[in-house]
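Structural description and commentary
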Amino acid sequence: MVASTVLPLLERVSSVSPMEASMRECSGRSPLAATPRGLDGRRFDYKEMLHNSTFCLVPRGRRLGSFRFLEALQAACVPVMLSNGWELPFSEIIDWNTAAVIGDERLLLQVKGLQTRSAGPSGSTRQIYTDSNSCIPTTVRSIHQDKILSLRQQTQFLWEAYFSSVEKIVLTTLEIIQDRILEHGSKSSLMWNSHPGGLFALPQYSSYLRDFPFYYASLGIKPYSKFTAVIHAVSPLVSQSQPILKLLVAVAKSQYCAQIIVLWNCDKPLPAKHRWPATSVPVIVIEGENKVMSSRFLPYDSIVTDAVLSLDEDTVLSTTEVDFAFTVWQSFPERIVGYPARSHFWDSSKQRWGYTSKWTNDYSMVLTGAAMFHRYYHFLYTHYLPTSLKNMVDQLANCEDILMNFLVSAVTKLPPIKITQKKQYKETMMGQSSRASRWADPDHFAQRQTCMNKFASWFGTMPLIHSQMRLDPVLFKDQVSILRKKYRDIERL
């Protein structure tokens, strides 16, 4: 990937914001520090005015371009471009018709006829003026509120995806160059102009939109109707009553299960084939790479379905719970959907992020010990995240679930989805001891606190988003006949 070749460069420039770099070149000062005056002499706060505006005029500056353009994008103010001949940033891949109004600076207040300007990657045009008596104020007032909302949302997406840091600007530039060189594997316009953006849709994974979790709605298709279960095994198989065998049987009975992969990260040799229970779906046992935690998120070729059900060996789930989880995930294929929820908070006394497992209505993570997500996140975890974070996870044998939540929330800008009110999802949480269980480690919680802050530092922000939404089956806990409930067994758990 191009991004991996420029880290030394990015370390030197990432401390400079895009607008600072632009202003240093153009004027040497920041307009946000200025205090504009009205005609009556009153002072106005420039930044406040910018954020309270719907449309922002962007005339040419001392040169053809203007840093006002980036200011408008950041403030979710629709840029009204008045700089003839200015090729907008990254116009090769960004369709600016969806985020800006392109005007003609020669016809600012009066227009003698219909004007169109090309402002998109395909050379598409947008009609700016509708009659010979219109002017720019009249034109922007005629734009429907729904269209204005769409324009403002797109300004925020484009700012965050490509312009919010020098690092993103550099990476976007390099990705465009790569697309020019490797044209057969170049990203589509939809990838660049819709969430989550071209930097998160890695062409090394696939060149087909349907293979990513973000474009199902745009393409009018649904994910594949089966899932692959990946069970992370770290304990030797010594008894036929172990939780992993019960879990394997329950998952195999799901009508949506295509196959089960047992990732053997135990130090003991692989059990003989006859030790595993007979099931109606294939059971594939894979020996973990280097026996490290990150190996559970490797993009194994054996995973052929869109959905992955990630499970710890001591997870307790019924077949009904598995079916319901997959049904919910089909409606939210870009998110993590599952049972065990956790949350983060800002500890003002220590000036750091904290991690909590308290049972509340608020959560920001769904742990991957019992969760469903798209297989693309295995690829993204392996090829997008830096080696330093994955090495930290492997050394601690902890926090891989937190890192996956950071990654998915950073990509989607959405929280995960918790389903039903299941609190105890592990045999070890129900009083049964396991020497291999991380819950028995007294340093487990402290390590997760440290991980939270290390991850937030690398991402440059806290990507986790709080949610209070929980999805239950229809008629869940309602006082109606149990025969009317599709997932009736869940209430008995």
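Criteria and thresholds
- Residues numbered from 1 in each chain as written.
- Predicted model: local features only at pLDDT ≥ 70, side-chain atom pairs only at ≥ 80, totals over all residues.
- Heavy atoms only, no water.
- Disulfide = S-S within 2.5 Å.
- Helix = DSSP H or I, 4+ residues; strand = E, 2+ residues; numbered from the N terminus.
- Buried < 20%, exposed > 50% of the residue type's maximum accessible area, 1.4 Å probe, protein only.
- Phe/Tyr/Trp six-rings, centres within 6.5 Å; stacked < 30°, edge-to-face > 60°.
- Lys NZ or Arg CZ within 6 Å of the ring centre and 35° of its normal.
- Pairing = 2+ DSSP bridges.
- Right-handed = clockwise from strand over helix to strand, strands pointing away.
- 1 Å grid on protein atoms, 1.4 Å probe; cavity = no way out; pocket = protein on both sides within 12 Å on 5 of 7 lines; lining within 4 Å.
- Points joined across faces, edges and corners; volume = space filled by probe spheres on them.
- Salt bridge = Lys/Arg side-chain N within 4 Å of Asp/Glu carboxyl O.
- Patch = residues over 30% accessible without salt bridge, like charges linked within 9 Å, V, L, I, M, F, W, Y side chains within 5 Å.
- Areas by Shrake-Rupley, 256 points an atom, 1.4 Å probe, with all protein chains shown as cover.
- pLDDT = per-residue confidence, 0-100.
- Contact = heavy atoms within 4.5 Å.
- Core = buried A, V, L, I, M, F, W, Y, C linked by side-chain atoms within 4.5 Å.
- Axes fitted to C-alpha atoms, helices over the stretch in contact; angles between N-to-C directions.
- Parallel < 35°, antiparallel > 145°, perpendicular 65-115°, else oblique.

Counted under the stated rule, the structure contains two disulfides. The disulfide partner of cysteine 56 is cysteine 77, and the S-S distance across this bridge is 2.0 Å. Every disulfide takes its handedness from the sign of the S-S torsion; for cysteine 56 and cysteine 77 that torsion is 110 degrees, giving right-handed. Remark: cysteine 77 occurs in the loop between α4 (68–74) and β2 (78–82) and cysteine 56 occurs in strand β1 (residues 55–59); sequence separation between them is 21 residues. Comparing cysteine 56 with cysteine 77 shows no difference in burial state: the two are buried. Disulfides within the protein link the bonded cysteines, taken in sequence order, as 1-2, 3-4.

Let's shift gears to the packing of aromatic side chains. Following the criterion strictly, the structure yields 29 aromatic pairs and no others. With centroids separated by 5.3 Å and ring planes inclined at 55 degrees, the aromatic side chains of tyrosine 205 and phenylalanine 379 adopt a geometry described as tilted. Of this pair, tyrosine 205 sits in the loop between α8 (189–193) and α9 (216–219) while phenylalanine 379 sits in helix α12 (residues 376–383), and the two are 174 residues apart along the sequence. Each of the two residues, tyrosine 205 as well as phenylalanine 379, counts as buried. If you follow arginine 210 out to its NZ or CZ, it ends over the ring of tyrosine 208, 4.6 Å from the centre.

This part covers the pairing of strand β6 (residues 227–233). Of all seven residues that make up β6, seven are buried, and the element is covered over most of its length. Neither face of β6 is open: one carries Phe227, Ala229, Ile231 and Ala233, the other Thr228, Val230 and His232, and all of them are buried. By the bridge criterion, seven bridges tie β6 to strand β7 (residues 257–264) in an arrangement that is parallel. Each residue of the ladder has a partner; that of alanine 229, found in β7, is isoleucine 260. Handedness of the crossover joining β6 and β7 through helix α10 (residues 243–252): right-handed.

Applying the stated criterion across every chain, the model contains two cavities of 30 Å³ or more. Approximately 30 Å³ is the volume attributed to the second largest cavity. Along the walls of the second largest cavity sit Arg335, Ile336, Asn405, Val408, Ser409, Thr412, Leu414, Pro415 and Pro416, which together make up its complete lining.

Before going further, it helps to examine the pattern of salt bridges. For the structure on display, the rule yields nine salt bridges. Glutamate 175 is paired through a salt bridge with lysine 187; the nearest N and O atoms lie 2.8 Å apart. On the criterion of sequence distance, the pair formed by glutamate 175 in helix α7 (residues 166–181) and lysine 187 in the loop between α7 and α8 is long-range, its members being twelve residues apart. Look at glutamate 175 and you get buried, because its relative accessible area is 5%. Between arginine 296 and aspartate 312 there is a salt bridge whose closest N-O contact spans 2.9 Å.

A word on a nonpolar patch on the surface. A cluster of nonpolar residues, Ile177, Ile181 and Leu182, forms a patch on the protein surface that exposes about 290 Å² of accessible area. Within the secondary structure layout, isoleucine 181 lies in helix α7.

Looking now at the confidence of the model for the protein. With 81% of its residues at a pLDDT of at least 70, the protein reaches an overall mean of 84. Considering only residues more than four positions removed or in separate chains, one finds that residues 21–33, a stretch of pLDDT under 50, has 22 contacts.

Our next topic: the nonpolar core. With 53 residues, the main nonpolar core has Met404, Phe406 and Phe455 as its most contacted residues. Elements that contribute at least two residues to this core include exactly β7, β13 (365–366), β14 (370–374), α12, α13 (387–396), α14 (400–412) and α15 (444–459). Of all the elements, α14 adds the most residues to this core, at eight residues. With sequence-adjacent residues up to four places away left out, phenylalanine 455 is seen in contact with Leu389, Met392, Val393, Cys399, Ile402, Leu403 and Phe406. Membership of the second largest hydrophobic core comes to 38 residues, among which are Leu237, Leu245, Ala252 and Trp276.

A separate point is the sheet that holds strand β11 (residues 341–347). Sheet architecture is open: three strands sit in the order β12-β11-β13, paired in antiparallel fashion. The open sheet has two edge strands with one neighbour each: β12 (352–356) and β13. Of the strands in this sheet, β11, β12 and β13 are in contact with α15, which crosses β12 at around 135 degrees.

Bringing the environment of leucine 367 into the picture now. Residue position: leucine 367 is located in the loop between β13 and β14. For leucine 367, a relative accessible area of 2% gives the class buried. For the pair leucine 367 and isoleucine 402, spaced 35 residues apart in sequence, the C-alpha to C-alpha distance is 7.1 Å.

In this section: the packing of helix α6 (residues 145–163) against α7. Packing of α6 against α7 leaves a shortest axis separation of 7 Å and a crossing angle of 80 degrees. Classified by the angle between their axes, α6 and α7 sit roughly perpendicular to one another. Here Glu160, Ala161, Tyr162 and Phe163 of α6 lie close against α7, whose contacting residues are Lys168, Ile169 and Thr172.

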